[in-house]
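Spelled out from the first residue to the last, the chains are:
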Amino acid sequence: MLILNCPYCGESADETELAPGGEAHLRREGPESQDEAFESYLFHRSNPKGVHFERWRHAFGCGKWFIAARCTATLEVFGTYAAQTSCPPQEIVDKISERRPDRRGASGS
Amino acid sequence: MSTRLKSGGRRIDRSRPVTFSFDGARLRGYRGDTLASALLANDRMLVGRSFKYHRPRGIVASGSEEPNALVGLEEGDLFEPNQRATTTELYDGLTARSQNRWPSLSMDFGAVTSRLSRVLPAGFYYKTFLRPRSFWKHVYEPLIRRSAGLGYAPNPEARDPDRYEHFYLHVDVLIVGGGIAGIQSALAAGRAGARVLLIEQSAHWGGRSPADHSGGKQSVNNIPVDKYVDECLAELGTMPHVQCRTRTMGAGVYDHGYVLAYERVGDHLPGEGALRHRLWKIRTGRIITATGAIERPIAFPGNDLPGVMLASAARDYLIDFGVSMGKHPLVLANNDSAYETAFLLQDQGVDVAAIVDARTGDAGGVAQEAVERGLRVIRGGGVSSVKGRRRVEGVTICDQRGAGTALEEISCDAIAMSGGWSPAVHLWSHSGGKLTWDARQFCFRPDVDNSARGADGAPYVIAAGAASGEMTLAAAVKDGHAAGLRAAAELGYNGAAQSEPVATRVEEAAIEPVWIMPSQAPVTLREKAFLDFQNDVKVSDVELAAREGFESVEHAKRYTTLGMATDQGKLSNINGIAILSDALGRPIPQTGTTTFRPPYTPISFGSIAGSQTGPRFLPIRRTPIQDWHEEQGAYFEPVGHWRRPYCYPRGDESHSDAVAREILQTRNHVGLLDASTLGKIVVKGPDAGRLLDMLYTGRMSTLKPGRCRYGLMCSENGFLMDDGVVARLDEETFLCHTTTGGADHIHAHMEDWLQTEWWDWKVYTANLTEQFAQIAVVGPKSREVLERLGGMNLGRDALPFMGWCEGMLAGISARIFRISFSGELSYEIAVAADQGIELWEKFLAAGQDFGISPYGTEALHVMRAEKGFIMIGDETDGTVIPQDLGLDWAIAKGKDDYIGKRAQMRSHMIDPDRWKLVGLETVDGSVLPEGAYAVASGKTSIGQRATQGRVTSSYHSPTLGRGIAMGLVLRGPERMGDELEFPGTDGQVYKARLVSPVFYNPEGTKQDA
């Protein structure tokens, strides 16, 4: 059972306090989008073995959404950060590069 | 025969005899016995029957690894099946029954299957019951169901009277296992200042050390090991930051240092009102698994007969309980440790028949000692058969390297066997720790460089002592000390100044692996050599699985059921893996182990439920008017976590009569509804209108303060998820009503979009559902009732339809919404929750002469259906878009975007062949069955009858005196007047005509009155 630090309230929250929200940093496709782009936005999700960016809500705590960067294989957490961003902050990217030097392109998209 | 010796037994109190019963026989034991030791003391060597062949089985082990000695404990409400006799502490009056036998343990008809074992090989279920097909239902399945299972499920009417609880704890270091290594770890970590919890599954500290390692005669820091254990515990007891718990088993290790432990608080204290079990939910910085090692049986022909026991268990029964496994036991081994059993038995005056040592290499010190003691040692020997039907009477000795040719017969009444030791790596492995093959000790041990990792990426599971493969006392003590120091240091506690404990060093001769005895055994012997005693898996079964292509250990396990019994293969897995590897001609590490999953040993359902039973199982949400409903004898139905009145029957009125009365009263005069459960979410801020324009299909930003608008909310994939009335409170504030079940998830949906997509918009949301009581006053007399309360002008012009106002109603601060879900003149009045009941009673008093009465959810449903209003969950099911329901009027035409808009443009969503909402009127006025399908001509691709629609809501309308229904029908709105056929599950075919879904007052004059 994971522990994630809520970047808003500072609590280290048990998984039972959190609600999962799937892959982070998706770009919304609106009414102008092409079928293929919209289909991808609505249905296609990456499922990597390794570094992953996920949305979590501190549902039974402060109620805020945040994003966790973690390794799906070892469950190492590289960091959590506020959801009000379209890409991971530099310090998270740096931490991932340091911990996973072989990984290419440590961005969220 | 097994017997209690005149002296010995450090766990038992011979001054306190205890009486218990087994299969109806009254037997005696002592305080401190386990059920197993007390049965052995009474020469009860036969204690159960195996699962598949019903073979007679005896006690093999002394702890939680026991596969055979499973009993049904107690009777009635207290009955529990499959309790291990080896871990059941004896108490006065204990009642146990053996299992899996009929009519009795010694006379079991099921044992006939044992004679059929040649035709019941591994996988026989899959092979035998395939054909003929018709036999499955009438022959095979009833047969299997009758003979399957171990023990009996408790009577479903029985109710567990015991209490259970959950316990939460955060510690720095959790140490599982109160043996010498675990105790040493706790001491090192505790002295360094770390917060420590040390748990031990049994009732005693010290683990195997007092029974192993020269029969407990070795020492630590020159102190005899049992004394040393006592001294350590005394020191731990002085540390306020260290807790020690016996009878507490480490059940499972989960991610990020989360551990479940299972404490058997009151099993040994029945009737004293103690808590029964406690489930500990622990978060720990580091976990040290000092779980010891488990001795392996030897696979020799006849090894499952009662009287064959692990050599370590024989020592335990002797030292702890003063019980000898037999009068003339034989010791069979491939390593040094079993010699201790022979020595201890001899020291107690028991006549040891012989030590049969399968090894041929250099004999070590213990073999020398055996000779000096005058014991007979047969080197390089094996056992090729066991005499006796229900217990051991003798063995045939053979050459271990041969095919089983008899060399001599030895008379004996018990066999103490040891095939070596396997570290208990379960907890190490639960959360991802890897194993490595130890080619010197022939076991899997933790790969210390591949531990499970925590959130910070650092290893957090540390194996210590025998659980890490450090089998000698000296090594275990040293390893435990190092593990405790390391755990503490990694968490910032400095304990480096401690001196390392030093224990006696004893050289041991090397183990020689024995996976099958004798090594060249023919099939006739291999099919008598058992690997898994509980599930009756033999060497020949695993070899058959290998021949039939089950090469993966996980497949072979499932095919043969090896290790799938209640003991989860604690004794059988390594032997089975070795046999499989041998059959496939590949090294053991390449075969690997099966996955270790929690719990380590079974835990009770009661402990999982904890105190969340009965009324605490699912707390019920209550409206401010709930007490009143209950006093009226309302009939309730669950709606979300609420219980809402379905109707209010009077006297012996039926529910349908009550519903009809409530509807007619409301339609003709006035009725009251407790609408407090409706979701109420305030959305406030300069961008509130902008947000609502995205959340709703309609345009909310143009709503004027003082006005209300019906809104639809869709998910991003276009499907309708909720509906409700939105009121604009002021320029920056909206109040959004949601469905009763939707309040929480709709609020979460709003926050999701607000926080993660449009985070720069200036809006706040708040879910105020429980802050308000809301009462609907409905019917032609509703305005009059409200006016009688006085304080507000509610005239048609002052408060028109779809308007709202606020003021003091009968002296209570109120918001009044003129909205209608029934088609009648109707008001919904929201007041502070704590004034709800006061207002409710004022309405009842003011409307008395109109016969005002409350109505329930069923009347609400019927009235909305009469009016053609949809209900989320009836007309919608997660595949329905607003356009299907004829709600295009509630979708703003000129809006660029809203959540779900793009999805509603996808080709399938604009397909003219979608099923759309219509009213359904039965030709004969009867009520259509809910959920019934309208059939079409022809068949579908899978041969089923084609359909063209279905009923979504159906009621008897007391207003119209006939059945009314709504449904979704293929191109429905274009086919008004068509007649469709709806076959019911009652065999009847219902005919209904497609009509407008608005059955009542379609002009809307009543709600606008």
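Since we're looking at a predicted model, the values are computed, not measured. As a convention, each chain's residues are numbered from 1 in the sequence order in which they are written. Lettering for chains starts from A, numbering for ligands starts from 1, and both go in the order in which the items are written. Confidence filtering applies because this is a predicted model: local features only for residues at pLDDT of at least 70, side-chain atom pairs given and counted only at 80 or more, and all residues used for totals across whole chains, interfaces and linings. Side-chain figures throughout are based on the complete set of non-hydrogen atoms in the structure, without hydrogens or water.

Draft legend 1. Expanded view of the overall build of chain B. Starting at the N terminus, helices and strands are each numbered in turn, a helix being any DSSP run of H or I of at least four residues and a strand any DSSP run of E of at least two. Across its full length, chain B carries 24 helices and 51 strands. For chain B, the spread of C-alpha atoms along the three principal axes comes to 115 × 70 × 55 Å. A total of 1009 residues make up chain B; the buried ones form 59% of that total. Only heavy atoms enter the contact rule, under which two residues are in contact if any of them lie within 4.5 Å. Residue pairs in contact within chain B that sit at least 24 positions apart in sequence constitute 66% of those at least 6 positions apart. Every accessible area reported is derived by Shrake-Rupley at a probe size of 1.4 Å, with residue values counting cover from the shown protein chains alone. For chain B, the exposed surface amounts to about 40,800 Å²; the carbon and sulfur share of it is 51%. We call a residue buried when its accessible area falls under 20% of the maximum for its residue type, exposed when it is over 50%, and partly exposed in between, using a 1.4 Å probe and counting protein chains only.

Draft legend 2. Just the sheet that holds strand β49 (residues 962-970) of chain B, in detail. All names here are of chain B. At least two bridges found by DSSP between two strands is the condition for calling them paired. Spatially, the six strands line up as an open sheet ordered β47-β48-β49-β46-β51-β50, and their pairing is antiparallel. For this open sheet the edge positions go to β47 (933-939) and β50 (979-983), each flanked by a neighbour on one side alone. Across the sheet, the axes of successive neighbouring strands diverge by a mean angle of 35 degrees, strand direction being ignored. As paired elements, strand β46 (residues 915-922) and β49 share six bridges and run antiparallel to each other. Bridging across to β49, V918 finds its partner in G967. Angular values range over 0 to 180 degrees, each being the angle between N-to-C directions of two axes fitted as lines to C-alpha atoms, with helices fitted over their stretch in contact.

Draft legend 3. Just the environment of A211(B), in detail. All names here are of chain B. Looking at where A211 falls in the secondary structure, it is placed in the loop between β10 (196-199) and β11 (219-220). Taking the C-alpha atoms as reference points, A211 and A936, 725 residues apart in sequence, are found 79 Å from one another. Here A211 is in contact with G216, R315, D316, I319 and L344, once residues within four sequence places are set aside.

Draft legend 4. Structural view of the packing of aromatic side chains. Residues and elements named next belong to chain B. Aromatic pairing here means that ring centres of Phe, Tyr or Trp (its six-membered ring) are within 6.5 Å. Orientation follows from the plane angle: under 30 degrees is stacked, over 60 is edge-to-face, and everything else is tilted. Applying the stated rule across the entire model yields 16 aromatic pairs over all chains. Measuring from ring centre to ring centre gives 3.8 Å for F550 and Y559, while their planes differ by 15 degrees; the resulting arrangement is stacked. The class for F550 is partly exposed, based on a relative accessible area of 25%. Among the residues examined, Y559 registers a relative accessible area of 9% and is labelled buried. A centroid spacing of 6.3 Å and a plane angle of 65 degrees characterise the contact between W915 and Y933, whose relative ring orientation is edge-to-face. Residue W915 is found in strand β46, and its partner Y933 is found in strand β47; the two are separated by 18 residues along the sequence. The exposure class of W915 is partly exposed, given its relative accessible area of 25%. Using a relative accessible area of 39% as the deciding quantity, one classes Y933 as partly exposed. Feature note: the residues W628, Y648 and W840 constitute an aromatic cluster, connected by ring pairs. Only when the NZ of Lys or the CZ of Arg is both within 6 Å of the ring centre and within 35 degrees of the ring normal is a charge said to sit over the ring. The lysine or arginine in question, R667, covers the ring of Y1000, its NZ or CZ lying 3.8 Å from the ring centre.

Draft legend 5. Structural context of the interface of chain B and chain A. With 31 residues of chain B in contact, the opposing surface of chain A contributes 30 residues. Buried area, as used here, totals the accessible surface that two parts lose on assembly, with accessibility defined by a 1.4 Å probe and the loss added over both. Counting each side, the surface lost to burial between chain B and chain A is near 2,500 Å², with a carbon and sulfur contribution of 51%. When the buried surface of chain B facing chain A is broken down by residue, H256(B), Q755(B) and R902(B) rank first, second and third, together holding 26% of it. Every case where a carboxyl oxygen of Asp or Glu lies within 4 Å of a side-chain nitrogen of Lys or Arg is listed as a salt bridge. At the junction of chain B and chain A, the tally comes to five salt bridges.

Draft legend 6. Structural view of the domain arrangement of chain B. Annotation of chain B at the domain level lists domain 1 (163-293 + 423-490), domain 2 (297-419), domain 3 (626-677 + 771-863), domain 4 (679-770) and domain 5 (903-995). The domain boundaries here were taken from an automatic or database domain assignment. Once you take the C-alpha centre of each, domain 1 of chain B and domain 5 of chain B turn out to be 65 Å apart.

Draft legend 7. Molecular detail of the packing of helix α5 (residues 180-192) of chain B against helix α6 (residues 225-237) of chain B. Residues and elements named next belong to chain B. Remark: α5 packs on α6, axes separated minimally by 10 Å, with the N-to-C direction vectors making an angle of 35 degrees. Note that α5 runs across α6; the crossing there is left-handed. Residue-level contacts link I180, I183, Q184, A186, L187 and R191 of α5 to V225, Y228, V229, C232, L233, E235 and L236 of α6. The class makeup of the residues in the contact of α5 with α6 is ten nonpolar, one polar and two charged. For any helix crossing, the convention is left-handed if the near helix is rotated counterclockwise from the far helix by under a right angle, and right-handed if that rotation is clockwise. Gly counts as polar in this scheme, as do all residues outside two lists: the nonpolar Ala, Val, Leu, Ile, Met, Phe, Trp, Tyr, Cys and Pro, and the charged Asp, Glu, Lys and Arg.

Draft legend 8. Summary view of the packing of helix α7 (residues 311-321) of chain B against helix α8 (residues 339-347) of chain B. Residues and elements named next belong to chain B. Taken N-terminus to C-terminus, the directions of α7 and α8 make an angle of 30 degrees; their axes are 9 Å apart at the nearest point. Taken as axis vectors, α7 and α8 run roughly parallel relative to one another. Taken as a pair, α7 and α8 cross one another with a handedness that is left-handed. Side by side, α7 and α8 meet where A311, S312, A314, R315, L318 and I319 of the first sit next to E340, T341, L344 and L345 of the second. Here the contact of α7 with α8 is built from residues that sort into six nonpolar, two polar and two charged. Roughly parallel means an angle under 35 degrees; roughly antiparallel means over 145; roughly perpendicular covers 65 to 115; every other angle is labelled oblique.

Draft legend 9. Main features of the pattern of salt bridges. All names here are of chain B. Enumeration over the complete set of coordinates arrives at 65 salt bridges over all chains. Note that R359 and D357 form a salt bridge whose closest N and O atoms lie 3.0 Å from each other. Side by side, R359 and D357 carry an identical accessibility label, which is buried. Overlapping salt bridges bring together E80, D162, R264, D267 and R276 as one network.

Draft legend 10. View of the environment of R440(B). Residue and element names in this part refer to chain B. Tracing the backbone through its elements, the reader meets R440 in the loop between β28 (435-438) and β29 (443-446). The exposure class of R440 is exposed, given its relative accessible area of 60%. For the pair formed by R440 and A510, sequence separation is 70 residues and the distance between their alpha carbons is 7.7 Å.

Draft legend 11. Focus on the nonpolar core. All names here are of chain B. Residues belong to a common nonpolar core when they are buried Ala, Val, Leu, Ile, Met, Phe, Trp, Tyr or Cys residues joined through side-chain atoms within 4.5 Å. L35, F300 and I415 are the most contacted members of the largest nonpolar core, which totals 94 residues. For this core, the element with the most residues is α7, which contributes seven residues. Here this core spans two domains, since at least three of its residues come from each of domain 1 (163-293 + 423-490) and domain 2 (297-419). Aside from chain neighbours lying at most four places away, what touches F300 is V308, L332, V383, V386, I415, M417, M517, K528 and A529. By size, the runner-up hydrophobic cluster in this structure holds 35 residues, among which are V173, L187, C232 and A476.

Draft legend 12. Spatial organisation of the sheet that holds strand β25 (residues 408-411) of chain B. Residue and element names in this part refer to chain B. Spatially, the three strands line up as an open sheet ordered β23-β24-β25, and their pairing is antiparallel. Only two strands of the sheet have a single partner each, and these edge strands are β23 (381-387) and β25. For this sheet the average axis-to-axis angle between neighbouring strands, irrespective of direction, equals 35 degrees. In this structure, β23 lies alongside strand β24 (residues 394-399), joined through six bridges in antiparallel fashion. What sits directly across from V386, in β24, is V395.

Draft legend 13. Summary view of the side chain of T34(B). Residue and element names in this part refer to chain B. The residue T34 is located in the loop between β3 (25-31) and α1 (35-41) in this model. You can call T34 buried: its relative accessible area is 11%. Dropping the residues within four chain positions of it, T34 is found in contact with A85, T86, T88, E89, L90 and F321.

Draft legend 14. Examining the pairing of strand β36 (residues 679-684) of chain B more closely. All names here are of chain B. Summarising burial for β36: five of the six residues are buried, a large majority. Two strands pair when backbone bridges link them, and β36 and strand β40 (residues 764-767) are joined in this way by four bridges, in the antiparallel orientation. Within β40, the position partnered with K684 by the bridge is Y764.

Draft legend 15. Expanded view of α5(B). Residue and element names in this part refer to chain B. The first and last C-alpha atoms of α5 sit 18 Å apart over 13 residues, in line with the 18 Å expected at 1.5 Å per residue. Among the 13 residues that make up α5, twelve are buried, leaving the element largely enclosed by the rest of the structure. Of the residues making up α5, those classed as buried are I180, A181, G182, I183, Q184, S185, A186, L187, A188, A189, G190 and A192. Looking at the packing, one finds that the buried side of α5 touches β9 (164-176), β10, α6, β13 (242-245), β16 (277-289) and α11 (473-490). A positive backbone phi angle near 105 degrees is found at G193, which sits one or two residues after α5. In this scheme, a helix's expected span is set at 1.5 Å multiplied by one less than its residue total.

Draft legend 16. Representation of the UniProt feature "domain: SoxA A3" (unreviewed entry) in chain B in the model. Under the present numbering, the feature "domain: SoxA A3" (unreviewed entry) in UniProt falls on residues 527-610 of chain B. Taken end to end, residues 527-610 of chain B is 45% helix and 6% strand, and its two terminal C-alpha atoms sit 45 Å from one another. UniProt positions are given in the numbering used here, feature names are shortened, and annotations may be inferred rather than shown by experiment.

Draft legend 17. Here's a closer look at the side chain of E65(B). Relative to the elements of secondary structure, E65(B) occurs in the loop between β5 (56-57) and β6 (70-73). Counting rule for charge: Lys and Arg are taken as positive, Asp and Glu as negative, and neither His nor the chain ends is counted. Buried and without a salt bridge, E65(B) has R208(B) as its closest oppositely charged side chain, separated by 5.9 Å.

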